[in-house]
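Per-entry structural report
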Amino acid sequence: MASAFLGLRTVIYAAPDLIYAKNWYSGILGVPPYFDEPFYVGFSVGGYELGLDPTAKPVDGSTITYWGVPNIEKAWEHLMSHGASVHSGIEEVGEDIKVASVKDPFGNVLGIIENPHFRAE
């Protein structure tokens with residue numbers, strides 16, 4: 001039986017200061033938003049969407065979304081240089097898979113993962 005799900009598409013982060021959040025994410029992602037309105041800003045990243053919602057509230061300890069990166073150390077340094085703070089440091093979780101997470105300036109937890117065994121379809 002085929003799955004009724006197509007896979008993950010969008011993650012939405014709280015952005016209480018939407019202009020600052022839009023500029024911050026434009027800086028770390030290296031792309032401008034494809035959708036930019038006062039009620040929502042959307043970025044297209046590797047076939048997925050990062051949405052910024054000015055009415056959402058960050059909740060620590062909730063689900064962490066991991067963004068794939070080719071080199072976790074470089075991605076970590078890039079995030080830190082843009083003002084992210086440590087949530088959990090880089091750790092190898094087995095079979096050359098590395099994960100880490102940071103807090104963005106708005107309190108959202110942003111995970112990164114280097115996984116040489118997984119390719120998005």
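Residues numbered from 1 in each chain as written. Predicted model: local features only at pLDDT ≥ 70, side-chain atom pairs only at ≥ 80, totals over all residues. Heavy atoms only, no water.

**Section: the sheet that holds strand S3 (residues 40-45)**
Taking strand neighbours across the sheet as the criterion, the four strands line up as S1-S4-S3-S2 in an open arrangement whose pairing is mixed. The open sheet terminates on both sides in strands that have one partner only, identified here as strand S1 (10-14) and strand S2 (35-37). Averaged over neighbouring strand pairs, the angle between their axes works out to 20° when direction is ignored. The sheet contact formed by S1 and strand S4 (residues 48-53) spans five bridges and is parallel. Residue pairing for S4: Ile 12 is matched across the bridge by Gly 51. Contacting S1, S2, S3 and S4, helix H1 (residues 18-29) runs over the sheet at an angle of about 5° to S3. (Pairing = 2+ DSSP bridges. Helix = DSSP H or I, 4+ residues; strand = E, 2+ residues; numbered from the N terminus. Axes fitted to C-alpha atoms, helices over the stretch in contact; angles between N-to-C directions. Contact = heavy atoms within 4.5 Å.)

**Notes on the sheet that holds strand S8 (residues 109-114)**
A sheet is described by the order of its strands in space; here four strands give the open sequence S5-S8-S7-S6, paired in mixed fashion. Since the sheet does not close on itself, it has two edges, and those belong to strand S5 (65-68) and strand S6 (85-94), each with one partner. Looking at each pair of strands side by side, their axes are set apart by 25° on average, direction ignored. With four bridges joining them, S5 and S8 adopt parallel strand pairing. Within the sheet, the bridge partner assigned to Gly 68 lies in S8 and is Ile 113. Of the strands in this sheet, S6, strand S7 (97-103) and S8 touch helix H2 (residues 72-81), which is tilted by about 5° from S7.

**Topic: the side chain of Asp 104**
Within the secondary structure, Asp 104 sits in the loop between S7 and S8. Although buried, Asp 104 forms no salt bridge, and the nearest oppositely charged side chain, Lys 103, lies 8.7 Å from it. Here Tyr 25 takes part through its side chain, which lies 2.7 Å from a polar atom of the side chain of Asp 104. A distance of 2.8 Å separates a polar atom in the side chain of Asp 104 from the backbone nitrogen of Phe 106. (Buried < 20%, exposed > 50% of the residue type's maximum accessible area, 1.4 Å probe, protein only. Lys, Arg positive; Asp, Glu negative; His and termini not counted. Salt bridge = Lys/Arg side-chain N within 4 Å of Asp/Glu carboxyl O. Polar contact = N/O pair within 3.5 Å; in protein donor to acceptor, adjacent residues only side chain to side chain.)

**Some points on the nonpolar core**
Membership of the largest hydrophobic core comes to 24 residues, with the highest contact counts inside it found for Tyr 13, Tyr 25, Leu 52, Leu 79 and Ile 112. Breaking this core down by element, the ones donating at least two residues are S1, H1, S3, S4, H2, S7 and S8. Of all the elements, H1 adds the most residues to this core, at five residues. Every residue in contact with Ile 112, bar those within four places of it in the chain, is listed here: Tyr 66, Trp 67, Val 69, Ile 72, Ala 75, Trp 76, Leu 79, Lys 98, Val 99 and Ala 100. (Core = buried A, V, L, I, M, F, W, Y, C linked by side-chain atoms within 4.5 Å.)

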